[in-house]
Every structure is written in structure tokens, then in C-alpha cells.
Amino acid sequence: MTGGIPVCCNINEFEKFAISALGEDVADYYQGGATSESTLNNNRKAYENLKLRPRVMRDVSNRDSSLTVLGKTYRSPVGISPTAMQKLAHCEGEIATARAAGAMDAIMILSLMSTVSLEEVRAHNPSTTLWMQMYIFKERDITLDMIRRAEKAGFSAIVLTMDTAVFGSRYRDIKNQFAMPPYLSLGNFRHMEQHHVDLKCLTGISDYINTQFDDSVNWNDVSWLVKSTKLPVICKGILTGEDANLCLEVGAQGIIVSNHGGRQLDQTPATIEALPEVVQAVGDSIEVYIDGGIRYGTDVFKAVGLGAKYVFIGRASLWGLAHSGSNGVAKVLQILHFEFDQTLALCGCTCADDITREMIVHRTYYEDILKKYLSSKSTRRKSAKSQSKVHLAVLRVSKSPEKHRSKTRKLRK
Ligand SMILES: Cc1cc2nc3c(=O)[nH]c(=O)nc-3n(C[C@H](O)[C@H](O)[C@H](O)COP(=O)(O)O)c2cc1C
Ligand SMILES: CCCCCCC(=O)C(=O)O
């Protein structure tokens, strides 16, 4: 315990603490997903379904766990995805998250729906790499104005969220009648009265999104957005190869494979399941990143091994923020960084480029081997006599391993 706050060693402990410390409606808003929450749960399950095939004895003394994104190298292999209304978790909100990202050398994507304005977040964190998340509003001027403000404030990319044509059904929020509390406001919209009144209604957030966001948006609008800024545009919410190719066509510079943390369309694949299709579709023509369900350094390893150039966390950073503000977020990033480095070492890798496909297999790989092995005719246990002959041969390891192997093969026959 430090000052009554428990020390947390992993992301699950941060989550447990945050859930117990936050009000039930906020905890549900942060933790919950859409509809049956199947996608939400699958985002985690799919990582558990992937197993590591580590290589050993490969001199891993000189390791580098940094990753390079759009030509810039970051010490932290994990960045922060946009999450709305961070003052619900901590009084400093997005300012604290950005401070942690800066300290750990991680990218932070600021939600357009932040409780601190983009200018304030920047002013408090002049050296953090900040990307600005964007929606396309019915009133295009709102989007354009936000882009200009982000450019002026020195943000280095625009992240267009593409999976929010309409708002997902989050039954926990409906049951809780979740709305933004009256003491908070959306920092970027402070001068626009309408954007506050709407959010304080009982069905506030979903009504707001369904009335303000344009559900007629299409790839022409993405193309328009790409042309309307000098900043690189990153498309967030891509789950198919077809859409990944369209991102390329409209001139985007990055893709975030994301299902919005299971909060929008339910029954989509886990993001780690969708990643290979996207990577295969676009090859090296555009950088592909991922978020959704990342809680361990082994998850980062698996994502990078399957082709992600960088990895983002949403809820995990909120759990850190709720625990101890900026220090908590920094600690969460530190844990994931440490665990990723440890996974590299224990898998026989010194850097991300050393991770090979053979090191990551689906759980069924071992199930299939086991099934074949068990059903093969040669699985009958050898007689005690022939077993001990094999054992003796192993002990008498000859100088030539090949000679030794053929000897034991003969003995096994
Ligand atoms: C509380 C909460 C708020 C979110 N707000 C936004 C947002 O404002 N814009 C956006 O593009 N995505 C938003 N997301 C989705 C995240 O950016 C991200 O895709 C997702 O959280 C990743 O999954 P993870 O939480 O399992 O890491 C939000 C997610 C959560 C949990
Ligand atoms: C105040 C508007 C909330 C925007 C929705 C944030 C979001 O994307 C989420 O998943 O929640």
C-alpha cells in the first residue's frame, strides 16, 4: 500500500482497483461493451488462444524493444488509444495521461470527446507525441475547425474513427442511464452550448452521437478529410482487407485494426484475429497498428509478430489513471514495456524484427498434434526393457549427435 492505494503489479490488478474505486456507472461505461459483449470478451480470449513457441540459447543480451511508427522510434512499444471523458477517472484527466505518455515515450491519441481541450493538453505536455482523434460531423465545419486547431497545437497525426456511423448498444449504460455528469464538459466544445446540453439528457451520449455524427459518411468523405490536412491520416476501426485497401486508395498513412474495444458492432472478430487479413491485404504499403484486449506484454509480442507496427491500449490506461493519475498510467505503460522485453528475451529475440511466424501458433496447433499423436499406432508404451535401452543410449551421448540419433532410432525400432 502507498497512502492507502494498493500497489498493482499487473494490469488486472489495476482494473480491479479502478472498478472498486469508480462509481458503478462510470466503471460500467469504461468496462462495458456492446450488446452481448461477445466481441469485448473475444478480444481477450483470442490472445489466450495464441501460444508461444519460444527459441532458447540465442544470446539475447542486447535487446531493443522500441518500435518505429511513421519514421519515428518510440521507446514504449505501447501507445494510448483515444478514450473519451478521462476526468471521470481522475481530476487531471487527459493532461495526466499525456504526461505519462511523454515520460514513457509513447504515442497518445487524444479523444475528440476529451474533458480537457486539445490546446490545454498540449500546453501542459509540450514534448508528448500527440495524435488527434476525429469524427466526421454532419456540420463539416466542426471537423475542419478541430483539424485546424490540432494542426496549430502541434499534433502530429489525425486519427479518423470509422466504426461509429451510429452508436453501439451498451446495455450497461442504458440500464444506468449513464450521462456526462454536470460538473464536466467536453473541452474541445466549450464554446458550443449545444454540445453540452445534449450530453446531460438521460439518453445523452447515444442521442448526441446519433444526431451530431453523419451516418451518410463514405470513402469520399475520408478522401476529403485526407486532402483537407497536411497531417498524416490514420484510419481507426478497420477489420477487413477490403477496407484496408480503400484506406490505401484514399491516401491514408496508417490503419488501426480496431473494433472499438467491443463497444460498437458486436459479433465482429477479435482484433488479433482480424489483423492477419488486414496485413496480408496491404503488405508494406501502409503501416498497420492494433488495439483491443491488450493486457500483457505477451499480447504485444503476438500482435507485433502477426504484423502490427505498434500497439495501443484503451481501458488499461484508464485503469492506471483511476488508480493514481499520471503515475498510474506511466506504471501501466512500464509494466507492458517490461513484459514485452521479457517476452522477447524468453522467446529468443532481441528486437521486434526477430519475432517469426513460427513463434506464434494457434492453440489448435498443439491440439492437432496431440490428437494425431494419441491416435497414432505407435503410441503404445515400449516394454520396460527397450525403454531402458533407449535411456542408456541417451546417457552415452556420442560426440557425433547424428551417429547418436541413428543409434537411438535403431534402438527404438
Ligand atoms: C471508455 C472508453 C471510451 C472510448 N472513447 C473513444 C473515443 O472517444 N474515440 C474513439 O475512437 N475510440 C474510443 N474508445 C475506443 C478505444 O479507442 C479503443 O479502440 C479500445 O478501448 C481498445 O480496446 P481496449 O480497451 O480493450 O484496449 C473508447 C473506449 C473506451 C473503453
Ligand atoms: C461524449 C461523447 C462520447 C463519445 C463516445 C466515446 C466512445 O467512443 C465510446 O466508446 O464511449
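Preceding this paragraph is the structure being described.
Below is a summary of the structure that appears in this document. Because the structure is predicted, anything quoted here is derived from the model rather than measured.

### Some points on the environment of S127
Then, number 1: When you line up the elements, S127 lands in the loop between α5 (118–124) and β6 (130–134).
Then, number 2: C-alpha of S127 to C-alpha of G154: the two residues are 27 residues apart in sequence and 9.8 Å apart in space.

### Re the pattern of salt bridges
Then, number 1: Taken as a whole, this structure holds twelve salt bridges when the rule is applied.
Then, number 2: With a shortest N-O distance of 2.9 Å, D341 and R63 are connected by a salt bridge. Note that D341 is positioned in helix α14 (residues 315–346) and R63 in the loop between β1 (50–52) and β2 (67–69), a separation of 278 residues in sequence.
Then, number 3: Among the residues examined, D341 registers a relative accessible area of 18% and is labelled buried.
Then, number 4: For D214, the salt bridge identified is with R140, shortest N-O distance 2.9 Å. Here the residue D214 occupies a position in the loop between α9 (204–212) and α10 (219–227), and R140 occupies one in helix α6 (residues 140–152), the gap between them amounting to 74 residues.
Then, number 5: What makes D214 buried here is its relative accessible area of 11%.
Then, number 6: Since its relative accessible area comes to 22%, R140 is described here as partly exposed.

### A closer look at the site of ligand 2
Then, number 1: With respect to spatial proximity, ten residues lie near ligand 2, and among them Y29, Y135, R170, H260 and R263 are the closest.
Then, number 2: Within the side chain of H260, one N or O atom sits 2.7 Å away from an oxygen atom of ligand 2.
Then, number 3: Protein contacts shield 95% of the accessible area of ligand 2, which totals 340 Å² for the unbound molecule.
Then, number 4: Its residues assigned to classes, the shell around ligand 2 shows seven nonpolar, one polar and two charged.

### Here we look at the packing of aromatic side chains
Then, number 1: Applying the stated criterion across every chain yields a total of 13 aromatic pairs.
Then, number 2: Taking the centre distance of 4.9 Å and the plane angle of 90° together, the rings of Y365 and Y366 count as edge-to-face.
Then, number 3: What makes Y365 partly exposed here is its relative accessible area of 33%.
Then, number 4: Look at Y366 and you get partly exposed, because its relative accessible area is 36%.
Then, number 5: Among the aromatic residues, ring-to-ring pairing joins Y74, W131, Y289, Y310 and F312 into one connected group.
Then, number 6: One residue, R122, lies across the ring of F155, its end atom 5.6 Å from the ring centre.
Then, number 7: Its end group placed over the ring of Y29, R263 keeps NZ or CZ at 4.8 Å from the ring centre.

### Overview of the pairing of strand β8 (residues 233–238)
Then, number 1: Where burial is concerned, most of β8 is hidden: six out of the six residues are buried.
Then, number 2: The pairing of β8 with strand β9 (residues 254–257) spans four bridges and is classified as parallel. Bridge assignment links C235 to a residue of β9, and that residue is I255.
Then, number 3: The parallel pair β8 and β9 is bridged by helix α11 (residues 241–249), and the resulting crossover is right-handed.

### Side note on the nonpolar core
Then, number 1: Counting 123 residues, the largest nonpolar core has W131, F189, I272 and I290 as its most contacted members.
Then, number 2: Ranked by the residues each element gives to this core, the list is headed by α14, at 13 residues.
Then, number 3: Here I290 is in contact with Y47, I256, V257, T271, I272, L275, A303, A308, Y310, V311 and F312, once residues within four sequence places are set aside.

### Topic: the site of ligand 1
Then, number 1: Around ligand 1 lies a shell of 23 residues, among which P82, S111, T161, D291 and G293 are the nearest.
Then, number 2: With respect to ligand 1, the side chain of Q133 contributes an N or O atom lying 3.1 Å from a nitrogen atom.
Then, number 3: With respect to ligand 1, the side chain of D291 contributes an N or O atom lying 2.7 Å from an oxygen atom.
Then, number 4: With the chains in place, 98% of the 600 Å² that ligand 1 exposes on its own is no longer accessible.
Then, number 5: Secondary structure elements with two or more residues in the shell around ligand 1: α2 (24–31) and α14.
Then, number 6: Of the residues in the shell around ligand 1, the class split is seven nonpolar, eleven polar and five charged.

Conventions adopted
- Residues numbered from 1 in each chain as written.
- Chains lettered and ligands numbered in written order.
- Predicted model: local features only at pLDDT ≥ 70, side-chain atom pairs only at ≥ 80, totals over all residues.
- Heavy atoms only, no water.
- Helix = DSSP H or I, 4+ residues; strand = E, 2+ residues; numbered from the N terminus.
- Salt bridge = Lys/Arg side-chain N within 4 Å of Asp/Glu carboxyl O.
- Buried < 20%, exposed > 50% of the residue type's maximum accessible area, 1.4 Å probe, protein only.
- Near = heavy atom within 4 Å.
- Polar contact = N/O pair within 3.5 Å; in protein donor to acceptor, adjacent residues only side chain to side chain.
- Areas by Shrake-Rupley, 256 points an atom, 1.4 Å probe, with all protein chains shown as cover.
- Nonpolar A, V, L, I, M, F, W, Y, C, P; charged D, E, K, R; others polar.
- Phe/Tyr/Trp six-rings, centres within 6.5 Å; stacked < 30°, edge-to-face > 60°.
- Lys NZ or Arg CZ within 6 Å of the ring centre and 35° of its normal.
- Pairing = 2+ DSSP bridges.
- Right-handed = clockwise from strand over helix to strand, strands pointing away.
- Core = buried A, V, L, I, M, F, W, Y, C linked by side-chain atoms within 4.5 Å.
- Contact = heavy atoms within 4.5 Å.

This is a description of form; function is not addressed.
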